[in-house]
Amino acid sequence: MLKYLSVWLLLLLPMGVSAQQALLVGKVLNQEKQPLELATVGIKGTTIGTHTAADGTFRLAIPANEQLVLQVRYIGFEAQEKTLTAAAGQQLNLTFTLVPDLQKLRTLDVRGKRETDTREQVSMTNLNPRLTKNLPSAFGDFNKILVTLPGVSSNNELSSTYSVRGGNYDENLVYVNGIEIYRPFLITAAQQEGLSFVNPDLVGSIAFSSGGWQPKYGDKLSSVLDIKYKEPQKFAASVTGSLTGGALHVESASRNKRVSYLFGTRYKNSQYILQGLQENGEYQPNFSDAQVYIHINLTKDTLQPGRTTLGILGSYARNNYLVIPKSRVTTFGTRSMPLRLYVGFDGREQMEYRTSQVGLNLAHRFNQNYTTSLILSGVQSREREFRDVEAFYLLSDVSQNANNFGEDERTRGAGSQFDHARNALKASILTAESRNEWQLSGRSKILAGAKIGLEHMDDRLEEYGFTDSADFVKPVYLLDSRQDLQSVRYNGYVQHTFELDSLRTITYGMRASYWDFNRELTLTPRLQYAFISPRNQDLSFKAAVGLYYQPPFYRELRNFEGELNANLKAQRSLHAIVGTDYLFQKWGRDFKLTAEAYYKHMTNVVPYDVDNVRLRYYARNNAKAYAAGFDVRVNGEFIQGAESWLSLGLLTTRENVDGDSTTVYAQGRPVGRQEQGYIRRPTDQLVNVGVFFQDHLPDNPTVRVYLNMVYGSGLPFGPPRQPEYRNAFNGKSYKRVDVGFSKVIVLESDLVERKKVSLQSLWIGLEVLNLIDAQNRVAYTYVTDVNGLTYAVPNYLTGRRLNLRFVARF
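Residues numbered from 1 in each chain as written. Predicted model: local features only at pLDDT ≥ 70, side-chain atom pairs only at ≥ 80, totals over all residues. Heavy atoms only, no water.

As for the overall build of the chain
Link 1 in the chain: Each helix and strand in the chain was counted, giving six helices and 45 strands.
Link 2 in the chain: Relative to a compact globule of 810 residues, whose C-alpha radius of gyration would be 28 Å, the chain shows 28 Å and is just as compact.
Link 3 in the chain: Summarising its shape, the C-alpha atoms of the chain cover approximately 95 × 65 × 50 Å along the three principal directions.
Link 4 in the chain: Looking at the chain as a whole, 53% of its 810 residues are labelled buried.
Link 5 in the chain: For the chain, the proportion of contacts with a sequence separation of at least 24, taken over those separated by at least 6, is 67%.
Link 6 in the chain: When the accessible surface of the chain is summed, it comes to about 36700 Å², and 55% of that surface belongs to carbon and sulfur atoms.
Link 7 in the chain: Distance between charge centroids for the chain: 4 Å, based on 92 positive and 80 negative side chains. (Helix = DSSP H or I, 4+ residues; strand = E, 2+ residues; numbered from the N terminus. Rg over C-alpha atoms; globule rule 2.2 N^0.38 Å. Buried < 20%, exposed > 50% of the residue type's maximum accessible area, 1.4 Å probe, protein only. Contact = heavy atoms within 4.5 Å. Areas by Shrake-Rupley, 256 points an atom, 1.4 Å probe, with all protein chains shown as cover. Lys, Arg positive; Asp, Glu negative; His and termini not counted. Charge placed at Lys NZ, Arg CZ, Asp CG, Glu CD.)

The following block contains the structure:
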């Protein structure tokens, strides 16, 4: 199929411009000038590489107009590196003479430990940050690349939230340069969201853990996203634009390279995408943010550069969401009994939030073996939610007769519903943290740290709603509360990583936390073990076991009535994971197969319900649960020079809630009550598939196609405020295919070097969002007919949309 897509690209995109790649041609020899066969030649930090032929020669296509580090490796010889930059279409001829590594020749099993080697860390995945800009998605949100990983799911293209291995999105940790990131609290629907905090233009490295992570990371139940922003060495900039928003970023460094900075700003307007929703109305969504990261080398001594460094991260996000709904028509039901719902609206809904965050990371290396960091961070979020919406609905049968097929036949019910909200929240969080690293020996390393955080939550909750059906007005809910919570959190950790030999590594340690609000002390030991097979060093195995406690945050404390439970304790989870990594070659290119099986046993669980992206907690530790599954991922260059991957996740997660008994009937009469036992959790998704695939024209890699495909089986649901039917029904599966076609126009390098033209390249993309026009469901609206029957009316997400994007790089 992709071969034919390449033909379509010839018709859709301009041709006849210079390629974006250069060619390296060379030879690898030993000191006796003899050729070395199967030496590895590649670009450091990427998947671009090749091997030498029997005569020691190699040919390698590399990106043009970029400063790259070429690395040459061969067993028993010292690796060589060369920094180079090639113009588009240029051919460079190189010769490498490798010198024997006497230490490696004496002990062939000695292997250096790399921090980025995920084969030694359980459930850890490293991603190329450049791919996040090319992934076709509605808003170019960074988090959408995570959804293609095994164990990660998101059934909403409008939302940046994601769940991992049966958890919810409140259970995910996010760090940027060691600073923990928080998300807004009051968002109830995906269309109200802005973008995720992480700006893809500023990212230097991405590490994602889906479970079993080391003690150095914090106290959550599901995942860790560890982002490092770039430290640029020269000036660069980019401008991005599309039908859904745009972005601008600038990066540079001082002449002496002691100071570097990144600046990025983004704007999102989802009005075009929201027009694909079934609810007609006036949408005015606007999101903008700005981020800056400054890295300063405070060491003047040129013999010890970077001994003392300071990183400064600042961000400001502003989101205004206004919708004035007008009408809605939804046809649903079965083939034998189709139904149609008409809704007319009056009123409006407005959501505003402002989030500011500042972080400082001061690091000092006392000597080669000891480094310490001091991290200070402050977050303030101001959020308001206003809603006055009245909905008048009419439910009718749809005729199946040939004479009036598809027309309304009989009215089943009519009524109205009114929702009012005046919610306001001010959240302030201040933290101070110390992190330390001791390299005791070449095989032994200790990490330790301590953190204190001050939190202040000022929350005003005012909501009510009622229904009017058949002249009968029935209040549905009433919330009126004011909470002012001030508290202090303490936590710390210590961990030890020890290499038993060059093939076996063990990491163990413990975290401790204390919160003065509920006066709970937690201790969570964790252990990881990894080893590489001595018979086949492309095959590795790893295992992890540990406790992961999540002390409650403000959202978990507040129940449906807006009250805080001061006795709520931390949710507890025991992670047990076994996995394997296998490196192999196919079609002369490197691939990696990762497979893991996991089991999570959870106690002190706080049950919750999901409505769109809003989590409503019961604020009680009255449940126990488990999650078990299997994840597998294959990644590599299926097409040379273009990394792709396929992920598959299998999951089952259940919970047993105390007090969720239902009435037992015998011969139509109630005879008692019975506990429901284990039922499906809101995130119970049996099958989850993610695909990211790239292809390009064989003779012109500047013309590419990107495919982003996600499939998730149905999630459970049930009517609100009816515990006996909680998560009792199975929803429809989520299917989405986004495809993008792109062309890169690269300017001639001599013009750029003479500064006649500052623009280096122009990336132009045409995206088809929701290619298969799948009618995915995000939630359900419940209406009642004249007979008292309740119907779940699906709320659909967006349909097929075209999007144009461009990225201009300077």
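Still more to cover.
A few points about the pairing of strand β28 (residues 571–586)
Link 1 in the chain: Pairing of strand β27 (residues 539–550) with β28, which is carried by 12 bridges, proceeds in the antiparallel orientation. Bridge pairing links Ser540 to Asp581 in β28.
Link 2 in the chain: The pairing of β28 with strand β29 (residues 589–605) spans 15 bridges and is antiparallel. Across the sheet, Asp581 pairs through a bridge with Thr594, a residue of β29. (Pairing = 2+ DSSP bridges.)

Some details on the pattern of salt bridges
Link 1 in the chain: This structure, assessed with the given rule, holds 33 salt bridges.
Link 2 in the chain: Linking Asp459 and Arg558 is a salt bridge whose minimum nitrogen-to-oxygen distance equals 2.6 Å. Taken together, the residues span a long stretch of sequence, with Asp459 in strand β23 (residues 444–469) and Arg558 in the loop between α5 (554–557) and β28 at a distance of 99 residues. Each member of the pair, Asp459 as well as Arg558, carries the same accessibility label: buried.
Link 3 in the chain: The residue Arg681 makes a salt bridge to Glu655 at a minimum N-O spacing of 3.1 Å. (Salt bridge = Lys/Arg side-chain N within 4 Å of Asp/Glu carboxyl O.)

A closer look at the environment of Ile273
Link 1 in the chain: When you line up the elements, Ile273 lands in helix α4 (residues 271–274).
Link 2 in the chain: A C-alpha to C-alpha distance of 9.7 Å links Ile273 and Leu769, two positions 496 residues apart in sequence.
Link 3 in the chain: Excluding anything up to four places from it in sequence, Ile273 contacts Phe139, Leu158, Thr244, Leu769, Thr798 and Arg801.

Let's talk about the sheet that holds strand β3 (residues 49–51)
Link 1 in the chain: Strand order across the open sheet formed by four strands is β3-β2-β5-β6, with antiparallel pairing between neighbours. In the strand order of this sheet, the two ends are held by β3 and β6 (80–84), each with one partner. Strand after strand, the sheet turns through a mean of 15 degrees between neighbouring axes, direction not considered.
Link 2 in the chain: Sheet analysis places strand β2 (residues 40–43) next to β3, joined by three bridges and oriented antiparallel. Pairing of Val41 across the sheet is with Thr50, part of β3. (Axes fitted to C-alpha atoms, helices over the stretch in contact; angles between N-to-C directions.)

Considering the packing of aromatic side chains
Link 1 in the chain: Tallied over the full model, the rule gives 27 aromatic pairs.
Link 2 in the chain: Centroid distance Phe717 to Tyr780: 4.0 Å. Interplanar angle 15 degrees. Geometry classified as stacked. Residue Phe717 is found in strand β39 (residues 716–717), and its partner Tyr780 is found in strand β43 (residues 777–784); the two are separated by 63 residues along the sequence.
Link 3 in the chain: In this structure Phe717 comes out as buried when scored by relative accessible area, which is 16%.
Link 4 in the chain: Clustering of aromatic rings is evident, with ring pairs tying together Tyr582, Phe584, Trp587, Phe591, Phe638 and Phe693.
Link 5 in the chain: Its guanidinium or amino end placed over the ring of Trp645, Arg633 lies 4.7 Å from that ring's centre, counting from NZ or CZ. (Phe/Tyr/Trp six-rings, centres within 6.5 Å; stacked < 30°, edge-to-face > 60°. Lys NZ or Arg CZ within 6 Å of the ring centre and 35° of its normal.)

Re the nonpolar core
Link 1 in the chain: Counting 34 residues, the largest nonpolar core has Leu146, Tyr162, Val176, Phe208, Leu225, Ile227 and Tyr229 as the members making the most contacts within it.
Link 2 in the chain: Those elements that place two or more of their residues in this core are β11 (172–176), β13 (203–209), β14 (223–229) and β41 (734–746).
Link 3 in the chain: In contact with Tyr229, other than residues within four places in its own chain, are Val176, Asn177, Phe197, Val198, Asn199, Leu202, Val203, Gly204, Leu262, Gln291, Tyr293 and Leu313. (Core = buried A, V, L, I, M, F, W, Y, C linked by side-chain atoms within 4.5 Å.)

So, the pairing of strand β30 (residues 608–611)
Link 1 in the chain: In this structure, β30 lies alongside strand β31 (residues 614–617), joined through four bridges in antiparallel fashion. Note on β31: the bridge partner recorded for Asp609 is Arg616.
Link 2 in the chain: Adjacent in sequence and paired antiparallel, β30 and β31 are bridged by two residues, among which Asn612 carries a positive phi angle near 60 degrees.

A short note on a nonpolar patch on the surface
Link 1 in the chain: A contiguous nonpolar surface patch, about 800 Å² in accessible area, is contributed by Leu430, Ile452, Leu454, Tyr490, Val494, Met510, Tyr514, Leu521 and Leu523.
Link 2 in the chain: At the level of elements, β23, β24 (472–499), β25 (504–515) and β26 (520–532) are the ones that each hand at least two residues to the nonpolar patch.
Link 3 in the chain: Tracing the backbone shows Leu523 in strand β26.
Link 4 in the chain: Judged by its relative accessible area of 45%, Leu523 is partly exposed. (Patch = residues over 30% accessible without salt bridge, like charges linked within 9 Å, V, L, I, M, F, W, Y side chains within 5 Å.)

Some words on the sheet that holds strand β8 (residues 124–127)
Link 1 in the chain: The mixed open sheet is built from five strands, whose spatial order is β8-β13-β14-β11-β12. At either margin of the open sheet sits one strand with a lone partner, and together these are β8 and β12 (179–180).
Link 2 in the chain: Bridge analysis of β11 against β12 gives two bridges, and the strand direction is antiparallel. Following the sheet pairing, Tyr175 is matched in β12 by Glu180.

Topic: unusual backbone geometry
Link 1 in the chain: The residue Arg165 is not glycine, and still its phi comes out positive at about 50 degrees.
Link 2 in the chain: Take Arg165: it is sitting in the loop between β10 (163–164) and β11.
Link 3 in the chain: You will see that Asn727, though not glycine, has its phi angle at about 55 degrees, which is positive.

Examining the side chain of Asn770
Link 1 in the chain: Among the secondary structure elements, Asn770 is positioned in the loop between β42 (761–769) and β43.
Link 2 in the chain: Classification of Asn770 by relative accessible area gives buried; the value is 0%.
Link 3 in the chain: In contact with Asn770, other than residues within four places in its own chain, are Lys735, Arg736, Val737, Asp738, Thr798, Gly799 and Arg800.

So, the environment of Asp408
Link 1 in the chain: Tracing the backbone through its elements, the reader meets Asp408 in strand β22 (residues 408–439).
Link 2 in the chain: Taking C-alpha positions, Asp408 is 45 Å from Leu149, a pair spaced 259 residues apart along the chain.

Side note on the confidence of the model for the chain
Link 1 in the chain: Mean pLDDT for the chain: 84, with 91% of residues reaching 70 or above.
Link 2 in the chain: When the criterion is pLDDT under 50, residues 104–114 qualifies, and its contacts beyond four places in sequence or with other chains add up to 17 contacts. (pLDDT = per-residue confidence, 0-100.)

A short note on the environment of Arg435
Link 1 in the chain: Position of Arg435 among the secondary structure elements: in strand β22.
Link 2 in the chain: Along the backbone, Arg435 and Gly492 are 57 residues apart, and their C-alpha atoms lie at a distance of 9.3 Å.
Link 3 in the chain: Discounting residues that sit within four places of it in the chain, Arg435 has contacts with Tyr175, Gly178, Thr371, Thr372, Ser373, Ile375, Ala448, Gly449 and Tyr493.
Link 4 in the chain: Only 2.8 Å separates the side chain of Arg435 from the side chain of Glu433, close enough to count as a polar contact. (Polar contact = N/O pair within 3.5 Å; in protein donor to acceptor, adjacent residues only side chain to side chain.)

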